[in-house]
Amino acid sequence: MPPDYPIGGVTTYGNLMSPYFHAMGRDRSAWAGRGAGVQDYYFQRNERLPQYCTEAVLRDRVQQLPSVTTLFGWTAVRVEQDDEGASVTVLPSGEGAAPFYSWSAETEQQTNQDVSGREGRQVLRAQYVVGCDGGRSLVRESMGIDRGGRDFDQRMLLAVLRSRELHEFLNRFPPSTTYRVMKPELQGYWQFFGRIDVGEGFFFHAPLPKDATPDNFDCVGLLHEAAGFDFHAEVDHIGFWDLRIMLASQYSQGRVFIAGDACHQHPPYGGFGLNTGLEDAANLGWKLAAKLQGWGGQRLLTSYGEERRPIFKETGEAMIAGGIERDRAWLDRYNPLKDRAEFERAWAEYGANWGMRPQAYEPHYEGSSVVMGPEGGVCSIHGRMSFKAEAGHHLPPKGLSSGRNVFEELSDGFTLFAFDAEDQSVRSLEEAARQHKVPLKVVRDSCDSGREQYESRLVLVRPDQYVVWAADVAPTEPSGLITRVSGE
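Analysis parameters
Residues numbered from 1 in each chain as written. Predicted model: local features only at pLDDT ≥ 70, side-chain atom pairs only at ≥ 80, totals over all residues. Heavy atoms only, no water. Salt bridge = Lys/Arg side-chain N within 4 Å of Asp/Glu carboxyl O. Helix = DSSP H or I, 4+ residues; strand = E, 2+ residues; numbered from the N terminus. Buried < 20%, exposed > 50% of the residue type's maximum accessible area, 1.4 Å probe, protein only. Pairing = 2+ DSSP bridges. Contact = heavy atoms within 4.5 Å.

**Re the pattern of salt bridges**
Two side chains with opposite charge may pair up if their charged atoms get near one another.
Part 1 of the reasoning: Across all of its chains, the model carries 23 salt bridges by this definition.
Part 2 of the reasoning: In this structure, the salt-bridge partner of Asp153 is Lys210, at a minimum N-O distance of 2.6 Å. Taken as a pair, Asp153 in strand 7 (residues 147-162) and Lys210 in the loop between strand 10 (201-208) and helix 4 (219-227) lie far apart in primary sequence, 57 residues in all.
Part 3 of the reasoning: Exposure remark for Lys210: the relative accessible area of 58% places this residue in the exposed category.
Part 4 of the reasoning: The closest approach of N and O atoms between Arg340 and Glu344, which form a salt bridge, is 4.0 Å.

The following block contains the structure:
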């Protein structure tokens, strides 16, 4: 997407030509990525990238890291562990092999293979293994971790297409990146266009009959039906996926962990899947590093599933399944062909509520055992956007007197922000961290110029940008604080 292109969506009733539509932020200047005002709570602007672009960025970054060895063109076929570590057996598959899309409806469950006699095999030995290997995860299956959830028994289409005509038509709406079509016969599911670029590239999702194949249905005709008019389109790819919400019963077993789609799967609504997977990696990555470097305890690793699993569970139930059910009930009740006045009143209300939904999604770890959260706190997606520094919540951005942002001062260990705090409090925390060999960076500044909105003079932040403790003075036993947040 071009720089500053608004990330937001349009919802229409019936098809894209409908007079009934809602756009988040009709005035382009009001667009803030995830709803007006929400962007203020994050340091960086969010980006909307196709998967292949995201992977290119990650591959480029990996090449810059001397600690990382990549084995593209190899396939993991067996995972095992013992008391000392874990091993992964890999076989050469060739860089030119077809990509493995684990979310596809046609892929099979991966299981451990006996390849003891296979030529070219390698056994990789490690202290820990993390399986980021998709919904048909070999790693999850090899550990015997079961999963459950809700299968909607609905086959879905993914089409990738190019159309200048469709792009020109969409100028009737404010600049947007996604366009969803609602209608009663879809029963709460969507026909959904998304931009790949600004000009001609799109992807398209839609429900299909269970027996649909690339050869027995009219893809272009379905595109025209959703749009409400005929347009020229070059279809580059047709694929299928099953609409289901699945969640692993646990996120680790011994020295083996799973992350991303290996832990959880849900429909690609709202970008929750990729974002949730990246948050898994951010959460687990620093904890593994802390354990290997000697300053993180076992409880830190245990907290990974404790923190992340409830986030997906609620996202799947409330945001995805709940959204489908709410839309289905709404479409059953309101129809302009039955009662236009009632429909138009409900449609106006629907748009107002839809615009507010992103502000209610604020994943946090108040209930984590390695966070000094409130009594009775839980890990949940239901929170509030606030600049107050609260244990278990993401750190809101604020500028410092140096001209840098607090996010530019965060370290690979813990970071203590001291805003006009007592020297004795700061020294006691520094000493406790030193005694437990926990890395602690201290950043001192005044408590003004907006920083007073944190409502705490001391804010302790962990490497994944979440606050673990906030107060005006150090606790009477600072050692207890340090041992808890480092998982000792």
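**Observations concerning the sheet that holds strand 14 (residues 264-265)**
Part 1 of the reasoning: Strand order across the open sheet formed by eight strands is 2-1-8-9-10-7-11-14, with mixed pairing between neighbours. Only two strands of the sheet have a single neighbouring strand rather than two, namely strand 2 (21-23) and strand 14.
Part 2 of the reasoning: Bridging between strand 1 (residues 9-13) and strand 2 involves three bridges; their strand directions are antiparallel. Paired with Val10 across the two strands is Ala23, which belongs to strand 2.

**Considering the side chain of Thr178**
Part 1 of the reasoning: Assignment of secondary structure puts Thr178 in strand 8 (residues 178-182).
Part 2 of the reasoning: Ignoring anything within four residues of it in the chain, the contact list for Thr178 reads Gly8, Gly9, Val10, Arg48, Phe192, Phe193 and Gly194.

**A closer look at unusual backbone geometry**
Part 1 of the reasoning: Of note in the backbone geometry, Gln187 takes a positive phi value of approximately 55° without being a glycine.
Part 2 of the reasoning: Residue placement: Gln187 occurs in the loop between strand 8 and strand 9 (191-195).
Part 3 of the reasoning: With phi around 80°, Gln465 is a residue other than glycine that occupies positive phi space.
Part 4 of the reasoning: Inspection of the secondary structure assignment puts Gln465 in the loop between strand 19 (458-461) and strand 20 (467-471).
Part 5 of the reasoning: Taking the relative accessible area as the measure of exposure, Gln465 reaches 30% and is therefore partly exposed.

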